[in-house]
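Single-letter residue listing:
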Amino acid sequence: MAIYDVIVVGAGIEGSSTAYQLAKQGKRTLLLEQFPLPHSRGSSHGQTRITRKAYGELEYYTVMMKEAFPLWETLERESGRKIFRKTGMLAVGSGDAFTRGTVPCLHRHGIPHRVLDYQQMKQLYPMIEYPRDYTFVLDDSAGILMADKALLSYQETFRRFGGELRDGEKVLDIIPGDTVGVRTSSHHYRTHSVVLTVGAWATKLLPKLQLTLPLKVLRISVLYWREKVAGRYGADKFPTFYEMKAVDDYAVFGSPSEEYPGLVKVRMGIPVHICLHWGPEVDPDSRDKADDSWVIDKMKRYIARHFPELEAEPAIAETCMYTMSPDTDFILDRHPSWRNIIIGAGFSGHGFKIAPVVGKLLTELALNKSPSYDMTKFRIQRFQHNAKL
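All values derive from a computational prediction rather than experimental measurement.

**Focus on the overall build of the protein chain**
- Scanning the protein chain from terminus to terminus reveals 8 helices and 20 strands.
- For the protein chain, whose C-alpha radius of gyration is 21 Å, the value lies close to the compact-globule estimate of 21 Å for 389 residues.
- Taken along the three principal axes of its C-alpha coordinates, the protein chain extends 65 × 45 × 45 Å.
- Evaluated residue by residue, the protein chain yields a buried proportion of 58% over its 389 residues.
- When the accessible surface of the protein chain is split by element, carbon and sulfur atoms take 49% of a total near 15400 Å².
- In the protein chain, the 51 positive side-chain charges and the 45 negative ones have mean positions that sit 3 Å from each other.

**Thoughts on the pairing of strand β13 (residues 216–227)**
- Counting buried positions over the 12 residues of β13 gives 10, a clear majority of the element.
- Sheet analysis places β13 next to strand β18 (residues 310–324), joined by 11 bridges and oriented antiparallel. Bridge pairing in β18 links Leu218 to Tyr322.

**Concerning the packing of aromatic side chains**
- For the coordinates displayed, the defined rule picks out 25 aromatic pairs.
- Here the basic side chain of Arg52 rests over the ring of Tyr242, its NZ or CZ set 5.6 Å away from the ring centre.
- Looking at Lys53, its charged tip hangs above the ring of Phe69, at a distance of 4.6 Å from the centre.

Definitions and cut-offs
- Residues numbered from 1 in each chain as written.
- Predicted model: local features only at pLDDT ≥ 70, side-chain atom pairs only at ≥ 80, totals over all residues.
- Heavy atoms only, no water.
- Helix = DSSP H or I, 4+ residues; strand = E, 2+ residues; numbered from the N terminus.
- Rg over C-alpha atoms; globule rule 2.2 N^0.38 Å.
- Buried < 20%, exposed > 50% of the residue type's maximum accessible area, 1.4 Å probe, protein only.
- Areas by Shrake-Rupley, 256 points an atom, 1.4 Å probe, with all protein chains shown as cover.
- Lys, Arg positive; Asp, Glu negative; His and termini not counted.
- Charge placed at Lys NZ, Arg CZ, Asp CG, Glu CD.
- Pairing = 2+ DSSP bridges.
- Phe/Tyr/Trp six-rings, centres within 6.5 Å; stacked < 30°, edge-to-face > 60°.
- Lys NZ or Arg CZ within 6 Å of the ring centre and 35° of its normal.

In structure tokens form, the structure reads like this:
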């Protein structure tokens, strides 16, 4: 049986980015996906994601995003697809950690931004309404990523670099050792290293490897709201936006009318599309059973207050899953007992835009190289008090 250099389990954006990096370096790489591609069962589907360098007080993500932007540009050149569209991102809030921390961080890193008062904000964006005492910070570098095109581009370029992609093949067991066994629904493989980027299914696969992490899987309602006047919230007039404590203690993200003409995407919890960045906890294999009516009710009230030029009811409701870590930082680390089993998990609703850098770091771990960044924030050890090892 031939032995792979690395097998990557999970072909979402993090796994596909990792597999692409490995194949680009000439490593014999297999990328496995449990569902037939493309699919909408995980966290990487859909047409757009917000991308930004503004990260409040979490400066280490701003640093990573400074590298992510040119890496997305590289993928655009290699794939021949346009993936990024610049719109800017408006952060709104009143003394919260995000708006308070964003301005000095962007200033330190020389990232173009503007701090607006209420009148300046209304001149630019008359279609939204927030309290006059709010702070408004515009990250001029931000925009949207064409998510489905980004995912496809990574997978196609991975194959062009010599990688193997097998979908519709669920991993049943990982057998640790000097070489790792990977048993799927149809084959048994061997590899020097395995990278597990299985999204919400980390809660099911990792316990089989004697590792239970404090991860929580949420079902997120992705809501699209119809414009009362066509084109009012188009990407040429309206930015992406973020409010940290928008609904109770939950954040709200949104992006312009891009995916569906005349519809704005807004979601709660994290991020016209306007959505709450939170939702009910679910089992990834039965997520449709969850009751998320409370999310939609909260978002309807939010839209009525702040987006008077959108219809009061969502026109389209879609879903995805977030796999949340307790501190919302990623998990990028080796298994505590087996150094050739690498784990990428807990992306907490903000991992898509950083996928090029995540893939680079997971590749470095898989090849036993020193990581390019300080990994302290991403280690499993930080959960020692509530992780079962």
